[in-house]
Amino acid sequence: MAIIGGGIGGLTAGIALRRAGFEPVIHERAAAFGEVGAGISLSPNAVKGLEALGLADFLARTANEPLDQFLFHGETGEELLRYDRRTTRETYGAAYYQLHRADLLAGLVEAFGAGRCVMGAALARIEQDGAGVRLGFADGSEERADVAIAADGLRSTVREMLFDPSEPRFSGHVAWRALIPAETLPERARLPASINHVGPGRNLVTYPVRGCGLVNMVALTRSDDWVEESWNARAMPGELAALFEGWAGYVGAVIAAIPQDALYRWGLFVREPLPTWVRGRVALLGDAAHPMLPFMGQGASSTIEDAVVLGRCFEAAAHAQEALRLYESARIERASFLQAESNCGGDRLQALDPYALRDNPPQNEDALGIFRYDPARVGIT
Ligand SMILES: Cc1cc2nc3c(=O)[nH]c(=O)nc-3n(C[C@H](O)[C@H](O)[C@H](O)COP(=O)(O)OP(=O)(O)OC[C@H]3O[C@@H](n4cnc5c(N)ncnc54)[C@H](O)[C@@H]3O)c2cc1C
C-alpha cells in the first residue's frame, strides 16, 4: 500500500492504516520533513480523530487551548463578538487546540515511523491495471502497490493525471504568515485566546503557540491577481503595514514586531469540487481532494477526518476496492460542505461594515455544527 505525500494528510492516513493492520509506505517529494513556520488550529472534530489514533497525550503536551476567540473592529479596536471556548470539551467531546505546524508534523512522523517514509521521492507518473498500481518517480525509479492514497496536496500530480487536469485558480485572497517572539508583543497577544481584527476585505489573527513563547500571526488580504512565480514568497513587514494602515493600535504593534526575515505571503488557490475521489485502486485525500480557503480553519482538520475514516474503512472492508468505495461515500458530502462554506467564509468575515458582524453574527463553525462530527464514530456503511 502506497501513500503519496507526507504532509498532515499522508502521515495521519499512514497512522490510521497501520492501526487498522496495514503496512503503508509514504513516498514524499521533499528531502526532509518540514512545514512552514506558522501555527495551526485543530478544531474538536479533528482532535477527536487524532485522539482515536493514540495522539491524545502528544496534543495535551504540545498544543495550546484558547479560552476565547474574539472578533474586534479592525479600525476602532472595539470588541464585536466573543466565542467562549471554555466549554468546548463538554459540548463537543474534545478540545480546540492551536500549535506550531512543525510540532504537529514531528508528532505525526514519530507516531507513523520515519523508517516507513521514502524521502526525495517525487511521483511523476501513475498507472493502474487489474492487479495493482505502478508508480513512477522523477528519478526514474518505479514501485508497485496494491492501492495508492494520494495525499499530495493542492497541486496533486495524481489528481492531475487521473481526475482533473485543470489548473488551480487564484482565489483573490492572499495570506501573510509569521511567527513572532512573544516578548516583543503586547501582553494581550500572549493570552490563551485567538484575536481577530476584521475590516472590509482584510483581517488579521493572532494566537500564541509553544506555551506562550511564540505568537502566530496570519493576515488575509485581497489582490486582483497573483503575479509571483511561486505561490509563496518572502515578504517585507512594511508591505503588510501599508495594507493595515490606520487600523487599531494592537494590529500596528503586531506588524511592527514581525522580524524582517519571518514574513511569508501566500496566494490562495481554489479548485472545483470533484464528483468522485476514487478511480480503481487510487483515492485522493486532503487538499488533493478538497482544498479549501482557510477562513474556517478546516483544511487540515477535514484532512485528518478523511484519514481517520479511511483507516476505519480498511478495517471494516473485505477488500481494498470496497474500502475505497466506503471511504468516498462516507466523506465526500461532508468535505464538499466544508469546502463550500470555507470558500465563502472570507466574504462573510471581511464584511464592508464590521458592526454588521456584531449585530447579525455570521454562520461560523459553531453555528454550522462542524465541531460535532466525530471521524472515529461516524457511520461508514
Ligand atoms: C494561510 C493558511 C492557514 C491555514 N490554517 C489552517 C488551520 O488553522 N487549520 C486547518 O485545519 N487548516 C489550515 N489550513 C489548511 C491546511 O494547511 C491544509 O489543508 C493541509 O495542510 C492539507 O494537508 P495535506 O496533507 O492534504 O496537503 P499538504 O500539506 O500540501 O501536503 C502534501 C505533501 O505532499 C508532498 N507532495 C506533493 N507533490 C508530491 C509528489 N508529486 N510526490 C510526492 N510527494 C508530493 C508535499 O511535499 C507535501 O509534503 C491553512 C492553510 C493556509 C494556506
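Residues numbered from 1 in each chain as written. Predicted model: local features only at pLDDT ≥ 70, side-chain atom pairs only at ≥ 80, totals over all residues. Heavy atoms only, no water.

### Notes on the packing of helix H1 (residues 8-19) against helix H5 (residues 101-112)
Here is the rule: To get an axis, fit a line to the C-alpha atoms, keeping to the stretch in contact for a helix; angles then go from 0 to 180 degrees between the N-to-C directions. Helix and strand assignments follow DSSP, with helices taken as H or I runs no shorter than four residues and strands as E runs no shorter than two, numbered in order from the N terminus. Orientation labels follow simple angle bins: below 35 degrees gives roughly parallel, above 145 gives roughly antiparallel, 65 to 115 gives roughly perpendicular, and whatever is left gives oblique. Here is the rule for handedness: rotate from the far helix to the near one, and if that takes an anticlockwise turn smaller than a right angle the crossing is left-handed, while a clockwise turn gives right-handed. Here a residue-residue contact requires only that any non-hydrogen atoms of the pair lie within 4.5 Å. Each residue is assigned to one of three groups, with Ala, Val, Leu, Ile, Met, Phe, Trp, Tyr, Cys and Pro labelled nonpolar, Asp, Glu, Lys and Arg labelled charged, and all others, Gly among them, labelled polar.
Orientation of H1 relative to H5, taken along the N-to-C sense of each, is 30 degrees, at an axis distance of 9 Å. Considering their axes alone, H1 and H5 lie roughly parallel with respect to each other. Crossing angle aside, the handedness with which H1 passes H5 is left-handed. Counting all contacts with H1, which are made through Ile8, Leu11, Thr12, Gly14, Ile15 and Arg18, the residues of H5 involved are Arg101, Leu104, Leu105, Leu108, Val109, Ala111 and Phe112. Partitioned by chemical class, the residues of the contact of H1 with H5 number nine nonpolar, two polar and two charged.

### Let's talk about the sheet that holds strand E9 (residues 132-137)
The condition is simple: Whether two strands pair depends on DSSP finding at least two bridges between them.
Here we have three strands laid out as an open sheet, ordered E8-E9-E10, and antiparallel in their pairing. Each having just a single partner strand, strand E8 (123-129) and strand E10 (142-145) make up the two edges of the open sheet. Shown here is a sheet whose adjacent strand axes are inclined to one another by a mean of 20 degrees, direction ignored. The sheet contact formed by E9 and E10 spans four bridges and is antiparallel. Counterpart to Leu135 in the pairing with E10 is Glu143.

### Section: the site of the ligand
Just so we agree on the cut-off: Proximity criterion: a residue is near a molecule or strand once any of its heavy atoms comes within 4 Å of it. By the criterion applied in these results, polar contacts are pairs of N or O atoms within 3.5 Å in which, for protein atoms, one can donate a hydrogen and the other can accept it, and in which residues neighboring in sequence qualify only through two side-chain atoms. Reported accessibility uses the Shrake-Rupley method at a 1.4 Å probe radius. Residues are deemed covered only where the shown protein chains occlude them.
Taken together, 31 residues lie near the ligand, and Gly9, Glu28, Arg101, Asp287 and Ala300 sit nearest. Here an oxygen atom of the ligand sits 2.8 Å away from a polar atom, N or O, in the side chain of Asp287. Backbone polar atom of Ser301 to an oxygen atom of the ligand: 2.9 Å apart, as the coordinates give it. Out of a free accessible area of 1,000 Å², the ligand has 86% covered by protein chains. Broken down by secondary-structure element, the contributors of at least two residues to the shell around the ligand are H1, strand E2 (25-28), strand E3 (39-42), strand E12 (169-181) and helix H9 (299-316). For the shell around the ligand, the element with the highest residue contribution is H9, accounting for four residues. Here the residues of the shell around the ligand are counted per class, giving eleven nonpolar, 14 polar and six charged.

### Concerning the packing of aromatic side chains
For clarity, the cut-off: Each Phe, Tyr or Trp ring, with Trp reduced to its six-membered ring, pairs with another whose centre is within 6.5 Å; inter-plane angles below 30 degrees give stacked pairs, above 60 give edge-to-face pairs, and intermediate values give tilted ones. Exposure classes here rest on a 1.4 Å probe applied to the protein chains alone. A residue is buried below 20% of its type maximum, exposed above 50%, and partly exposed in between.
In the structure shown here, the tally under the stated rule is seven aromatic pairs. Their ring planes at 25 degrees and their centres at 5.5 Å tell us that Phe70 and Phe72 sit as a pair that is stacked. Assigned by exposure class, Phe70 and Phe72 land together as buried. Pairing Tyr96 with Phe371 gives two aromatic rings, centres 5.8 Å apart and planes at 65 degrees, and the pair type is edge-to-face. A residue pair is termed long-range when its members are at least 10 positions apart, and Tyr96 in the loop between helix H4 (88-92) and strand E6 (97-100) and Phe371 in the segment after helix H12 (355-359) qualify at 275 residues. With respect to burial, Tyr96 and Phe371 carry one shared label: buried. Taken together, Tyr92, Tyr96 and Phe371 form an aromatic cluster joined through their ring pairs.

### Quick look at the environment of Phe163
In this fold, Phe163 is placed in helix H6 (residues 157-163). In this structure the C-alpha to C-alpha distance between Phe163 and Arg279, which are 116 residues apart in sequence, comes to 7.9 Å. The residues touching Phe163, leaving out its near neighbours within four places in the chain, are Val158, Leu274, Thr276, Trp277, Val278, Arg279, Val282 and Leu284.

### Points about the environment of Leu135
As for its position among the elements, Leu135 is in strand E9. Classification of Leu135 by relative accessible area gives buried; the value is 0%. In the structure, Leu135 is positioned 133 residues away from Ala2 in sequence and 9.0 Å away in space, judged by C-alpha atoms. Residue contacts for Leu135: discarding those within four places in its chain leaves Ala2, Ile4, His27, Leu123, Arg125, Ile126, Ser141, Glu142, Glu143 and Ala148.

### Section: the pattern of salt bridges
What counts here: Every case where a carboxyl oxygen of Asp or Glu lies within 4 Å of a side-chain nitrogen of Lys or Arg is listed as a salt bridge.
Evaluation of the coordinates by the stated rule reveals 22 salt bridges. For Asp68, the salt bridge goes to Arg86, with nearest N and O atoms at 2.9 Å. Taken together, the residues Asp68 in strand E4 (residues 68-73) and Arg86 in the loop between strand E5 (79-84) and H4 connect sequence positions 18 residues apart. The closest approach of N and O atoms between Arg334 and Glu305, which form a salt bridge, is 2.7 Å. Taken together, the residues span a long stretch of sequence, with Arg334 in helix H10 (residues 320-343) and Glu305 in helix H9 at a distance of 29 residues.

### As for the sheet that holds E5
Here eight strands make up an open sheet; going across it, the order is E5-E4-E13-E14-E15-E12-E17-E16 and the pairing mixed. With one partner strand each, in any of the chains shown, E5 and strand E16 (232-234) form the two edges of the open sheet. The mean angle between the axes of side-by-side strands here comes to 20 degrees, regardless of whether they run parallel or antiparallel. Bridge count between E12 and strand E15 (residues 214-222): nine bridges; the pairing is antiparallel. Paired with His173 across the two strands is Arg222, which belongs to E15.

### So, H9
Convention followed: One fewer than the residue count of a helix, multiplied by 1.5 Å, yields its expected span.
For H9, with 18 residues, the first-to-last C-alpha span of 26 Å sits near the 26 Å given by 1.5 Å per residue. Within H9, 14 of the 18 residues are buried, leaving the element largely enclosed by the surrounding structure.

### Things to note about the packing of helix H2 (residues 44-52) against H9
Packing of H2 against H9 leaves a shortest axis separation of 8 Å and a crossing angle of 35 degrees. Crossing hand, H2 versus H9: left-handed. Contacts between H2 and H9 involve Asn45, Ala46, Gly49 and Leu50 from the former and Ser301, Ile304, Glu305 and Val308 from the latter. Here the residues of the contact of H2 with H9 are counted per class, giving four nonpolar, three polar and one charged.

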